[in-house]
Structures are given as structure tokens and as C-alpha cells.
Amino acid sequence: MNREWLLNAALLAGLVVVPGWAVWADEPFTIMLATRAVIFALAAAGLNIALGLGGLVSLGHAVFFGIGGYAMGVLASHAQNYTPLYDGVFTIQGTKSMPVIWLAAAVTSGLAAWLIGVLSLRTSGAYFIMITLAFGQMAYFFAISWPAYGGEDGLSIYVRNGFPGLNTLDPIQFYGLCLAWLCLVLWGYARLRRSPFGLALDSARQVPDRVRAVGLDPRRLQLVALVLSGAVTGLAGALFADLNRFVSPSMLSWQMSGEIIVFVIIGGVARLFGPVAGAVFYVMMEHWLGGISDYWQIFLGLVLLAVVLFGRGGLIGMICGKGRPDA
Amino acid sequence: MPDSVLSTHELHKAFGALRASEGISIRLLHGEIHAIIGPNGAGKSTLIAQICGSLRPDSGRVTFLGRDVTALPTEARARMGLARTFQTSALAMDQTVMQNVLLGALGASGRPWRFLSRVARDAGLRDTAEAALLETGLQDLARLRTAELSHGQRRQLEVAVALTQAPRAFVMDEPMAGLGAEGSRHLTGFLDRLRTRAPILLVEHDMDAVFALADRITVLVYGRVIATGSVEDIRADPLVRDAYLGDGA
């Protein structure tokens, strides 16, 4: 039981206690902020699979976040308008059911990650960053110029989607769903890191020649990591769209990709709770500094500079020191 | 040629005007240590790269276990049992010693697509990994970070990883590089015992080690084989003395 374990437990406790207090004190806005932080943390936890474990600096994760958002928007808008999504040989109806939307979001964003990965993993370093950025921009401009789903104006959903047995319109119940997803993904990340796949992926990042020499293909390992990563970030996108009851091309913008990277870097790359620490910190800054000045991102920039210069392991690394290999 | 485990046939490789391999044909036989020697720039690394699969020859063939593997990628050759060690250690420095050998065992098992089970709790992989550490004398260092190992220990770990791969042939690229006299002697004794496991194609600059270990030696100069034979043959060969060994040898 070391320092990082305690810090993680404290963060998790905070994610339970603070919204709990907000219910008691009747502060729905705080719950909304917490939900936002948890969803960002989920998106960043997805990126952490590719960036932290795989060493893949993807500047295109907004693609998956946005695809998840649009998966929700498209399915829900057809459901609320009573129009079929596809009516040909067979018929696909829209839906307001969260489990179906989540599945659609994870599958479509995972497929997109596979497609992008197949093409971009031929490169590495700065070229990989540029190619993922290029795919991001393509998706962004595609969404802007596609009038069927709102184009530049985005797409509004009147009522939040439903989950069997829960009232998702109640902020704390929706928050509970998001937190459950975050916990599940963090559990999966912790397992993944110590799994056979995790070892092979970590080695592919550090010594690809060695991985080939023992009979494994580093590119395939990284492709699978990217697909898992994209699927998780896509799921976060669906939740984010549901939180706002709105999806727009801005979810696909490269600024969004940058923000997801910032969550991971501020919190600590490859640290289990790095995405959580980063996203919570970001949302708190956004709220407090945003209340002081419209130019709050200047301060965020300074913080980011400090973290990168003085704490290579992000917030988690600053508090707990360098991580140790676990075997 | 039923006895040859690994062989090359008329390998040619040129980089622009530089002919790095000019019709290289060598054979690695069962139970032998076959050393490749030659001055810097003789094309040893290019030859290794073509044998292991990271470089495609312009023409010629590489045969392993009776199969033409010229078109196969590195990882496919490795899965057949071609185990190599690197000239400059290719080890994951942030991982423990144990994790490095586990990776070798994992590659040999061919089952990396397991996402939720603990790799360190996989009894099969662990047994293979621990046996390799025991054999190379690294068993007490298993939990150490690889970055904390001495240079000599890293050279041993290179060999340990190769041992986990169910090897049918070893290709070792200067395993003695950077070792002191003591370390070199130690590793020489170890490789000597290893030849019963699988034959070794040994590229090495340390002539004491080569003469102590090799059953046969091939001398490479400017991309050509100028001589192949037993240690005595090579020592006596006037062409080799002239080109490489110098008069003192």
C-alpha cells in the first residue's frame, strides 16, 4: 500500500463524497461539474491506453469522442422524430436506450480507430501526430458540411436518453452511471497493464526490435491498443453528448483532441489515475479561473508549463514520485 | 544438405554503389558454433539483418529448418525458433529483468491477446522465464529494474531472452561487446555449453572467444566470403592473415 494507491483512493473517495454532498446541499451545478470531470476522465483514460501504455501520441482522439457523440445524437434524433435511421432491405430504428447507444458509440469509434490506425501506424513520431491530426480535421469538416445532422449548428436532443431502472434526468443518477463506467474502465486499465498484452505493448513502445525478434508484431499490438483506446473515448463522447443533450462539430475539433491530451499530461501519463487527476483539475480550473477571467486558459497554460517542466509524471508524479515497474 | 539448420544461398545486397553482400553462402550445422569474423565494414551486420529478416536481400535465399524464409518477416522467423541477441542490448530498461524474459516466453507462446489475466501469474510463461534466468545466473536479479543492471548482466539478459524462445538456432551479434576479460571468459564458458541446445551463428570481434568456441569460422571481407573452415584452417590461411588477422596471429 504505497502513496500512489492512497492518492488514488482519495481521488475516488472525492468523486463519491463531493457529489453526495451536492445532493444533500441541493447544488445540482456541482453535480454537473463533477459529471463533466468524470466524463473527461473517461475520455482521457481511453487515450491513456494508446498514449500511456502504447506510447502513441494521438492528436486525433476528438474523432472518437465526436463519433461517440454523434452516435448518440443520430440514434436519439431519429428516435425523437420517429424516423428510421435506415430503411432499405431491412430497417434500423433510432433509439433512446443508453446501452444500445453506448454499444453503437464504442463499436463505431473502435472501427474508426482501426481504420485510422491501419493507415497511421506505418509512421511514428511527429508524422504519426500529424496524420492523426489530419484525420481529426477531416472528420471535423465532414461533420460541419453534413446538413442532415445539423452541420455547423450541431444537433439537440430534447430529453436525455434512458437507462433501465434509473431516472437519468436526475443528475446524481446520471452521474452514477458515468462514475460506474469510469471505475470499470480504470479497473480494466489496471488489469490490462499487467496482462500479457500489456507487457507486449509496453515492450513495443520501448524496444520494437526486440518485440519482433521474439515473434510478435509491434504494429498489430499498437493497432489493437488504438482500437481499445478509441472505443473508450467514443463511449465517453456518447456520455458527454447525453450530459449536454447536444452534439456539435466542436466535439471533433483539434482543440478537443488537445484538451484530452492535456488531461493525461497534467494528471500523469501512464498513471492509472492520471486521467482522473488531470480532468478533475482541468474542470476545477475552468470553473474557478473561468469565473475570474475569460482568459483563464492563460493560467492553465502556465500550469501546464510548470507540470511539464518540473513534474514529468504530472500531478500524480509530483505527489508520488516515479512509478515502479510492477511484475 | 540435411544437416544444415540455417543457411544462406548467394545473398546479394547493395546500398547504392556499396556492395554489402556479394554472393554470401554460409551454412550453420547441427551442434556447431559457426563464427563470422571480418574487419569493420565487412558486411557482418548486413548479413545478420538479412538472416533475421529486418533486411530483404536483392537476390539469393535464406533457408531455416528446410524452409525458404526469404520472404518471411522477422517475427515469423522468430516464431519458427530463430533466436537472436543484439549487438547493443535491446532490452526494456523501465521493466524488471523478469518482465524482459517473460516477453520472450510470451512471444514463443504466441498468445499475446490476453487482456485481463496477470502475465506474471501465468505458470507456463513463468516456468520458461525462470528457467532461462537460472541458466544465465540472473535468478536473484529477477525483480530488479533492467536499467539497474551492469553492462555484463545486460549481455547475459540478452542471452536469457533468447533462451526463452524455444530456440532452434541462435544468431548472436557480438555478445561479448563491451565485456571485460573476466566477463568475456564467463560468457565464453556459457556459450560453449549452449551449443548442445541449438547451433549458434556467432558474429564476434573477440578473437580469443572465437578461437575458443568456434567449430568453424567464416571470414567476411568487403561483402565476400574469403574463407570458411576450422579454426586451424583459418589461422593458417595466408589470405586471412593478410586481410584481417595481421601477422601476429
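Residues numbered from 1 in each chain as written. Chains lettered and ligands numbered in written order. Predicted model: local features only at pLDDT ≥ 70, side-chain atom pairs only at ≥ 80, totals over all residues. Heavy atoms only, no water.

A short note on the packing of aromatic side chains
Cut-off, in case you're wondering: Any two of the Phe, Tyr and Trp rings considered here, Trp counted by its six-membered ring, make a pair once their centres fall within 6.5 Å; the pair's planes then place it as stacked at under 30 degrees, edge-to-face at over 60, or tilted in between. Only DSSP runs of H or I with at least four residues qualify as helices, and only runs of E with at least two residues qualify as strands; both kinds are numbered from the N terminus onward. Whether a residue is buried, partly exposed or exposed follows from its accessible area with a 1.4 Å probe, protein chains only, as a fraction of its type maximum: under 20%, in between, or over 50%, in that order.
For the structure shown, the criterion picks out 13 aromatic pairs over all chains. Look at tryptophan 102 of chain A and tryptophan 181 of chain A: their rings are 5.6 Å apart centre to centre, the planes differ by 85°, and that puts the pair in the edge-to-face class. Taken as a pair, tryptophan 102 of chain A in helix α4 (residues 98–120) and tryptophan 181 of chain A in helix α6 (residues 171–193) lie far apart in primary sequence, 79 residues in all. On the basis of relative accessible area, tryptophan 102 of chain A is assigned to the buried category, the value being 8%. Looking at tryptophan 181 of chain A, the relative accessible area reads 23%, which means it is partly exposed. Each ring, one from phenylalanine 197 of chain A and one from tryptophan 113 of chain B, has its centre 5.9 Å from the other, and the planes form 35°; the classification is tilted.

Remarks on the sheet that holds strand β5 (residues 67–68) of chain B
Residue and element names in this part refer to chain B. Note the cut-off: Two strands are said to pair when DSSP picks up at least two bridges between them.
The strand order across the open sheet formed by four strands is β2-β1-β4-β5, and the pairing between neighbours is antiparallel. Strands at the two margins of the open sheet, each flanked by one partner only, are β2 (18–29) and β5. Note: strand β1 (residues 4–15) against strand β4 (residues 59–64), five bridges, orientation antiparallel. Of the residues in β4, the one forming a bridge with serine 7 is threonine 63.

A closer look at the sheet that holds strand β7 (residues 169–173) of chain B
Residue and element names in this part refer to chain B. Note the threshold: To define axes, lines are fitted to C-alpha atoms, for helices over the stretch in contact only, and angles between the resulting N-to-C directions are given on a 0 to 180 degree scale. The contact definition used throughout considers only heavy atoms, calling two residues in contact when any of these lie within 4.5 Å.
An order of β6-β7-β8-β3-β9-β10 is seen for the six strands of this open sheet, with the pairing classed as mixed. The sheet is open, and its two borders are formed by β6 (82–85) and β10 (224–229), each paired with just one other strand. Each neighbouring strand pair of the sheet contributes to a mean axis angle of 15°, computed without reference to strand direction. Across the face of the sheet, helix α5 (residues 151–163) comes into contact with β6 and β7 while running at roughly 170° to β6.

Here's the deal with the pattern of salt bridges
Residues and elements named next belong to chain B. Convention followed: The salt bridge definition used is simple: a Lys or Arg side-chain nitrogen within 4 Å of an Asp or Glu carboxyl oxygen.
Taken as a whole and assessed by the stated rule, the structure comprises 16 salt bridges over all chains. With a closest N to O distance of 3.4 Å, arginine 224 and glutamate 22 form a salt bridge. Placement of the pair is arginine 224 in strand β10 and glutamate 22 in strand β2, with a sequence separation of 202 residues. The exposure class of glutamate 22 is buried, given its relative accessible area of 19%. Here glutamate 130 and arginine 126 are joined by a salt bridge, their closest N and O atoms 3.1 Å apart. A residue pair is termed a helical-turn pair when its members lie 3 or 4 positions apart in one helix, as glutamate 130 and arginine 126 do in helix α4 (residues 123–135) at four residues. Through salt bridges with shared partners, one network takes in Arg19, Glu22 and Arg224.

Here we look at the packing of helix α3 (residues 61–81) of chain A against helix α10 (residues 254–267) of chain A
Residue and element names in this part refer to chain A. The test is simple: Roughly parallel means an angle under 35 degrees; roughly antiparallel, over 145; roughly perpendicular, 65 to 115; everything else is oblique. Classification convention: Asp, Glu, Lys, Arg as charged; Ala, Val, Leu, Ile, Met, Phe, Trp, Tyr, Cys, Pro as nonpolar; all other residues, Gly among them, as polar.
Relative orientation of the contacting elements α3 and α10 amounts to 105°, with a least axis distance of 7 Å. When the axis of α3 is compared with that of α10, the two are roughly perpendicular. Of the residues in α10, those in contact with His61, Ala62 and Phe65 of α3 are Met256, Ser257 and Ile260. Looking at the contact of α3 with α10 residue by residue, the classes come out as four nonpolar, two polar and no charged.

Here we look at the interface of chain A and chain B
Under the convention used in this document: Buried area: the accessible area, evaluated with a 1.4 Å probe, that two parts lose upon being put together, summed over both parts. A 3.5 Å cut-off defines polar contacts: any pair of N or O atoms within that distance qualifies, except that in protein one atom must be a possible hydrogen donor and the other a possible acceptor, and neighbouring residues in sequence count only when both atoms are side-chain atoms.
Taken together, the contact pairs 31 residues of chain A with 36 residues of chain B. Regarding the contact of chain A and chain B, the summed buried area is about 3100 Å², with carbon and sulfur atoms giving 64% of it. The interface formed by chain A and chain B holds one salt bridge in total. Here glutamate 158 of chain B ties to arginine 210 of chain A by a salt bridge, and the two come within 2.7 Å at their closest N and O atoms. Counting the contacts that link chain A with chain B gives 14 residue pairs in polar contact (both at pLDDT 80 or more). If you list the elements that add at least two residues to the side of chain A that touches chain B, you get α6, α7 (196–206), α8 (208–213) and α9 (218–244) of chain A. The element that contributes the greatest number of residues to the side of chain A that touches chain B is α7 of chain A, accounting for seven residues. Here the residues of the side of chain A that touches chain B are counted per class, giving 16 nonpolar, five polar and ten charged.

Points about the environment of arginine 160 of chain A
All names here are of chain A. Along the polypeptide, arginine 160 turns up in the loop between β3 (155–156) and α6. Sequence spacing of arginine 160 and alanine 241 is 81 residues, and the spatial spacing of their C-alpha atoms is 9.3 Å. The residues touching arginine 160, leaving out its near neighbours within four places in the chain, are Lys96, Met98, Thr168, Leu169, Phe174, Asp242, Leu243 and Arg245. Side-chain polar atoms of arginine 160 contact the backbone oxygen of leucine 243, separated by 3.1 Å.

Describing the domain arrangement of chain B
Bring the parts together and some accessible area is lost; that lost area is often taken as the interface size. Residue and element names in this part refer to chain B. Our working definition: Where a domain begins and ends is set by an automatic assignment or by a domain database.
The domain architecture assigned to chain B consists of domain 1 (1–81 + 167–249) and domain 2 (95–165). If you average the C-alpha positions of domain 1 and of domain 2, the two centres end up 26 Å apart. Between domain 1 and domain 2, the contact holds 16 residues from the first and ten residues from the second. Taking both sides of the interface into account, the surface hidden between domain 1 and domain 2 amounts to around 1000 Å²; carbon and sulfur atoms contribute 61%. If you sort the residues of domain 1 by the area they bury against domain 2, Pro167, Phe190 and Arg197 come out on top, with a joint share of 36%. Here arginine 197 and glutamate 135 are joined by a salt bridge, their closest N and O atoms 2.3 Å apart.

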